[in-house]
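Listed below, chain by chain, are the residues.
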Amino acid sequence: MAPAPPRSPGFPERRMRRLRRTPAIRRLVAESRLSVDDLVAPLFVREGIDAPVPIPSLPGQFQHTVASTVAEVKRLLGLGIPGVLLFGVPERKDPRGSGAWDPDGIVQRALSELRDAFGGAVALMADLCLDEYTDHGHCGVLRDDGTVDNDATIELYGRVALAQAAAGADIVAPSGMMDGQVAAIRRALDGGGYEEVSVLAYAAKFASALYGPFRDAVDVHIAGGGDRRAYQQDPANRREALTEVLLDVAEGADMVMVKPAVTYLDVIADVRRCVDVPVAAYHVSGEYSMIRAAAANGWIDGAAVALEQLSAITRAGADFVFTYFADEVAEAIGG
Ligand code: PBG
């Protein structure tokens, strides 16, 4: 951007407050705006329950049955929200996470019901990972020494992608941060005749403490008090995030995501400058629950803080945002 030209002598000083004077002027000069069109609601669908179960660590969010997922998506579409992202909570877990690619697995059942109920009116996305389905809680399969086996894992991700695509997903969203996962998934989808299914890569996903409430929601406990630092990114690294994103785009990602959001606004801005594909950000469970908890104590105006944070994510350059506030914000800003 060019620097402002010098004022001629005697010209009155620039008064910034003129353009802040009325709500109408402020609307006119807003540089970015959050729209209902930019919101995606994450949803949890749990096997083996017959009514929705509230999630204590995510007040206002539920583990849904397939039927209540359909009802919830209907409500969200009524608010003008274009997309949902499904996570599964299976009844049984095993070392390889086989529920993730079982054609009758919980997410696949929900996807096909939603596809039948809403057709193309909803952008149907599925989180593509194994951690909700493995008994050890890692995002991949383990070697004997307990480390995650990258190449064996991406092979399984290909199977999950096929199962999700067959069930009706428009977009699969790999979140495991394995090397080569996007290429493996793209290959599997194309090989299965699903050239039209897109891949939204959780490209720059950091090993964050902000996923805590989510792990309660999906009942994931990492074996032996472990963590994901051997595959998710170190929060200290900004350049590395760009490398991750560029690799995913080169492997065929149709869209990329930065996650979490507010703690990584610099990364969102970098990514927006460096790629031409749509950029998403995930305002994660901890970001949501912190606002909820402070608001419940009367310390902040939760709705205002949520809107401010989501606006900041948009201002930083995200084209759309995954947020547990999707319904409330849609109600507040209108469809
Ligand atoms: C992994 C996955 C996680 C989230 C989305 N996908 C958890 C993790 O990486 O441990 C976190 C979402 C949130 O915190 O809202 N399948």
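The paragraphs below set out a description of the structure included in this document. (Residues numbered from 1 in each chain as written. Predicted model: local features only at pLDDT ≥ 70, side-chain atom pairs only at ≥ 80, totals over all residues. Heavy atoms only, no water.)

Looking now at the packing of aromatic side chains. Within this structure, the stated rule accounts for 11 aromatic pairs. For the ring pair Phe44 and Phe214, a centre distance of 5.7 Å and an interplane angle of 55° mean the geometry is tilted. Of the two residues, Phe44 is situated in strand 1 (residues 39-46) and Phe214 in helix 6 (residues 212-217); the sequence distance between them amounts to 170 residues. Phe214 shares its class with Phe44; the two are buried. Each member of the aromatic cluster is reached from another via a ring pair, and the members are Phe44, Phe87, Tyr202, Phe214, Tyr282, Tyr288, Phe320, Phe322, Tyr324 and Phe325. The ring of Trp101 is capped by Arg159, whose NZ or CZ atom sits 5.2 Å from the centre of that ring. Sitting over the ring of Tyr211, Lys259 keeps its end group 4.5 Å from the ring centre. (Phe/Tyr/Trp six-rings, centres within 6.5 Å; stacked < 30°, edge-to-face > 60°. Helix = DSSP H or I, 4+ residues; strand = E, 2+ residues; numbered from the N terminus. Buried < 20%, exposed > 50% of the residue type's maximum accessible area, 1.4 Å probe, protein only. Lys NZ or Arg CZ within 6 Å of the ring centre and 35° of its normal.)

Right, let's get into the site of the ligand. Taken together, the neighbourhood of the ligand is formed by 17 residues, with Lys205, Arg215, Lys259, Ser285 and Tyr324 sitting nearest. A distance of 2.7 Å separates a nitrogen atom of the ligand from a polar atom in the side chain of Asp131. In the model, a nitrogen atom of the ligand is placed 3.3 Å from a nitrogen or oxygen of the Lys259 side chain. Expressed as a share of its isolated accessible area of 400 Å², the protein-covered part of the ligand is 100%. Each residue belonging to the shell around the ligand can be placed in one class, and the counts come to seven nonpolar, three polar and seven charged. (Near = heavy atom within 4 Å. Polar contact = N/O pair within 3.5 Å; in protein donor to acceptor, adjacent residues only side chain to side chain. Areas by Shrake-Rupley, 256 points an atom, 1.4 Å probe, with all protein chains shown as cover. Nonpolar A, V, L, I, M, F, W, Y, C, P; charged D, E, K, R; others polar.)

Quick look at the packing of helix 7 (residues 239-250) against helix 8 (residues 265-274) now. Contact geometry of helix 7 with helix 8 gives a least axis separation of 10 Å together with a crossing angle of 40°. The angle between helix 7 and helix 8 falls in the class oblique. Handedness of the helix 7/helix 8 crossing: right-handed. Side by side, helix 7 and helix 8 meet where Ala241, Leu242, Val245 and Leu246 of the first sit next to Val267, Asp270, Val271 and Cys274 of the second. For the contact of helix 7 with helix 8, the residue count by class is seven nonpolar, no polar and one charged. (Axes fitted to C-alpha atoms, helices over the stretch in contact; angles between N-to-C directions. Parallel < 35°, antiparallel > 145°, perpendicular 65-115°, else oblique. Left-handed = near helix turned anticlockwise from the far one by under 90°. Contact = heavy atoms within 4.5 Å.)

Another aspect to go through is the nonpolar core. Residues Leu200 and Phe322 are the most contacted members of the largest nonpolar core, which totals 107 residues. For this core, the element with the highest residue contribution is helix 4 (residues 150-167), accounting for eight residues. If we skip the residues at most four places from it in the chain, Phe322 touches Val40, Leu85, Met125, Leu200, Met257, Ala280, Ala281, Tyr282 and His283. (Core = buried A, V, L, I, M, F, W, Y, C linked by side-chain atoms within 4.5 Å.)

The next point concerns helix 3 (residues 106-118). In this model, helix 3 (13 residues) spans 18 Å end to end at C-alpha, consistent with the 18 Å of a helix rising 1.5 Å per residue. Residues of helix 3 that are buried include every one of Ile106, Val107, Gln108, Ala110, Leu111, Leu114, Arg115 and Phe118, and no others. Structurally, helix 3 contributes buried residues whose contacts are with strand 1, helix 2 (66-78), strand 4 (83-89), strand 5 (123-128) and helix 4. (Expected span 1.5 Å × (residues − 1).)

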